[in-house]
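Each chain, written out:
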Amino acid sequence: MYSSTVTTNWEQLADLALGGHQLTHQQALSILQSDDDQLLPLLQAVFRVRRHYYGKRVKLNMIINAKSGLCPEDCGYCSQSIVSTAPVQKYSLLDKETLLAGAREAMNRQAGTYCIVASGRRPSGRELEQVMEAVQEIRATMPLKICACLGLLNDEQAHQLATAGVHRYNHNLNTSRDHYDNITTTHSYEQREQTVEHVKQSGMSPCSGFIAGMGETDEQLVELAFALRELDADSIPVNFLNPIAGTPLANQGHTPAMRGLRILALLRLICPTKEIRVAGGRELNLRTLQPLALYAANSIFVGDYLTTPGQEAMLDYQMIEDLGFEIEQNALAGDVPPVMPRL
């Protein structure tokens, strides 16, 4: 257990992040354990870091659920898992024309990144070929950054996707190492780490994040944040558990909105140069405080998630406009992540 002395000197923590210094575990814990009346000063300090690396730009991402249900894994949060009794659509991988139509819809929604997500442990050879064929045509006809999320990968599969033109691959750690077995038992934390390493070696941009609100402690959240810093993923999606009836975590409850904002602040200060994306569950957990999330995060999903709805895209556009922020117009121009100062 780490002890924490709650500090109000958030500007000092922002200075450390901007200077390339790593926060201590105690400083990181102080963020999660701070009082609600410290939230606005915390976000003001965190926004300095966000603005330094990303200005007031907001990256928009759109997901297509390319293969639904039919998953043999036992992830306790997921309505598509083999242990879930939640009613979800079940279908095999969508054909190329449907994936292309999804890419066109992403452009219509002003999303710079199009995320092709498929349920399952890992892609079959046929599924990999289908995705690669679609990716090659999207790359040839549309100015989109393409992210794939197809499960575990080996080195050869990662290189095949990279060669086909996939820019980014998502594979989340999901939770801390010592909490992992409470969430999933059919594959390991180490296998997830290995997949991210294969992605990095292939030349694709690594994307890896987590789901908050699955019964983890403050200490485990801090350990996870430092693990993601060590993993050096370019993009970190921060999901908040949406407890779905029929899943093992159905009764877990929601993350309080102010705690959710503190979690985003934690990630920005520990991983200051990275794309921090407010992902699944933001509407349900952050509720009316969603706009404040963009003082720490610089990226959101627009539209629906895999099996749960998002809010209307127009509300996201209005939120961004009301904040005085702007939608990033060219995601491909941001392929190279900002560089942290060297000590």
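Look up a bit, the structure's there.
Computed from a predicted model, the values in this text were never measured in an experiment.

Novice: Go over the packing of aromatic side chains with me, naming the residues and quoting the values.
Specialist: Taken as a whole and assessed by the stated rule, the structure comprises four aromatic pairs. Each ring, one from F47 and one from Y295, has its centre 5.1 Å from the other, and the planes form 70 degrees; the classification is edge-to-face. Residue F47 is located in helix α3 (residues 39–54), and its partner Y295 is located in the loop between α11 (290–293) and β9 (299–301); the two are separated by 248 residues in the primary sequence. Looking at F47, the relative accessible area reads 10%, which means it is buried. Using a relative accessible area of 24% as the deciding quantity, one classes Y295 as partly exposed. Between the aromatic rings of F47 and F325, the centroid separation amounts to 5.9 Å while the plane-to-plane angle is 5 degrees, which identifies the pairing as stacked.

Novice: Describe in detail helix α9 (residues 257–270), supporting the description with residues and values.
Specialist: Over its 14 residues, α9 runs 20 Å from end to end, which matches the ideal 20 Å to within 8%, given 1.5 Å per residue. The buried count for α9 comes to 13 of 14 residues, which makes it a mostly enclosed element.

Novice: Give me the packing of helix α4 (residues 96–108) against helix α5 (residues 125–141): which residues, what numbers.
Specialist: Two elements in contact, α4 and α5, have axes whose closest approach is 9 Å; the angle formed by their N-to-C orientations is 40 degrees. As judged from the angle between their axes, α4 and α5 are oblique. Judged by the twist between their axes, the crossing of α4 over α5 is right-handed. Contacts between α4 and α5 involve K96, L99, L100 and A103 from the former and E133, A134, E137 and I138 from the latter. Across the contact of α4 with α5, the residue classes break down as five nonpolar, no polar and three charged.

Novice: Please give an account of the nonpolar core that cites residues and values.
Specialist: One finds Y114, L161, L264 and L267 to be the most contacted residues of the largest nonpolar core, which totals 93 residues. Considering each element in turn, this core owes the most residues, nine residues, to α3. Apart from the residues within four sequence positions on either side, L267 is in contact with F210, A225, L228, I236, V238, P272 and I276. Core analysis: the second largest hydrophobic core is formed by eight residues, I63, C115, C149 and F301 among them.

Novice: Help me get a handle on α5, residues and values and all.
Specialist: Under the 1.5 Å per step criterion, the end-to-end length of α5 is 25 Å for 17 residues, consistent within 8% with the ideal 24 Å. Considered for burial, the residues of α5 that qualify are E127, L128, Q130, V131, M132, A134, V135 and I138.

Novice: Give a description of the side chain of R50 that names residues and reports values.
Specialist: When you line up the elements, R50 lands in helix α3. Buried R50, no salt bridge; nearest opposite-charge side chain is E326, N-O distance 8.8 Å. Setting aside residues no more than four positions away along its own chain, R50 makes contact with G55, K56, R57, V58, R268, L294, Y295, A296, A297, N298 and F325.

Novice: If you had to explain the packing of α3 against α9 to someone new, which residues and values would you point to?
Specialist: Running from amino to carboxyl end, α3 crosses α9 at an angle of 40 degrees, the nearest separation of the two axes being 10 Å. Between α3 and α9, the angle falls in the class oblique. The two elements α3 and α9 cross, and the hand of that crossing is left-handed. For the pair formed by α3 and α9, the contact residues are L39, L42, L43, V46, V49, R50 and Y54 on the first element and M258, L261, R262, A265, R268 and L269 on the second. Residue composition of the contact of α3 with α9, grouped by class: 10 nonpolar, no polar and three charged.

Novice: So what about unusual backbone geometry? Which residues, and what values?
Specialist: The residue Q110 is not glycine, and still its phi comes out positive at about 70 degrees. By the secondary structure assignment, Q110 is in the loop between α4 and β2 (113–118). Backbone geometry at R287 places phi at a positive 50 degrees, although glycine is not the residue there. With respect to the helices and strands, R287 occurs in the loop between α10 (282–286) and α11. The partly exposed category is assigned to R287, whose relative accessible area is 44%.

Novice: Could you give an account of the environment of F226, naming the residues involved and the relevant values?
Specialist: Examined against the element boundaries, F226 turns out to sit in helix α8 (residues 218–231). Taking the C-alpha atoms as reference points, F226 and T24, separated by 202 residues in sequence, lie 9.8 Å from one another.

Novice: Break down the side chain of E216 for me, citing the residues and quoting the values.
Specialist: Mapped onto the elements, E216 comes out in the loop between β6 (210–212) and α8. Buried charge without a salt bridge: E216, with R259 as the nearest opposite-charge side chain at an N-O distance of 5.0 Å. Within the structure, the side chain of E216 is placed 2.7 Å from the backbone nitrogen of G213, a separation counted as a polar contact. Residues in contact with E216, not counting those within four places in the same chain, are T175, H179, I211 and L221.

Reading guide: rules and limits
- Residues numbered from 1 in each chain as written.
- Predicted model: local features only at pLDDT ≥ 70, side-chain atom pairs only at ≥ 80, totals over all residues.
- Heavy atoms only, no water.
- Phe/Tyr/Trp six-rings, centres within 6.5 Å; stacked < 30°, edge-to-face > 60°.
- Helix = DSSP H or I, 4+ residues; strand = E, 2+ residues; numbered from the N terminus.
- Buried < 20%, exposed > 50% of the residue type's maximum accessible area, 1.4 Å probe, protein only.
- Expected span 1.5 Å × (residues − 1).
- Axes fitted to C-alpha atoms, helices over the stretch in contact; angles between N-to-C directions.
- Parallel < 35°, antiparallel > 145°, perpendicular 65-115°, else oblique.
- Left-handed = near helix turned anticlockwise from the far one by under 90°.
- Contact = heavy atoms within 4.5 Å.
- Nonpolar A, V, L, I, M, F, W, Y, C, P; charged D, E, K, R; others polar.
- Core = buried A, V, L, I, M, F, W, Y, C linked by side-chain atoms within 4.5 Å.
- Lys, Arg positive; Asp, Glu negative; His and termini not counted.
- Salt bridge = Lys/Arg side-chain N within 4 Å of Asp/Glu carboxyl O.
- Polar contact = N/O pair within 3.5 Å; in protein donor to acceptor, adjacent residues only side chain to side chain.

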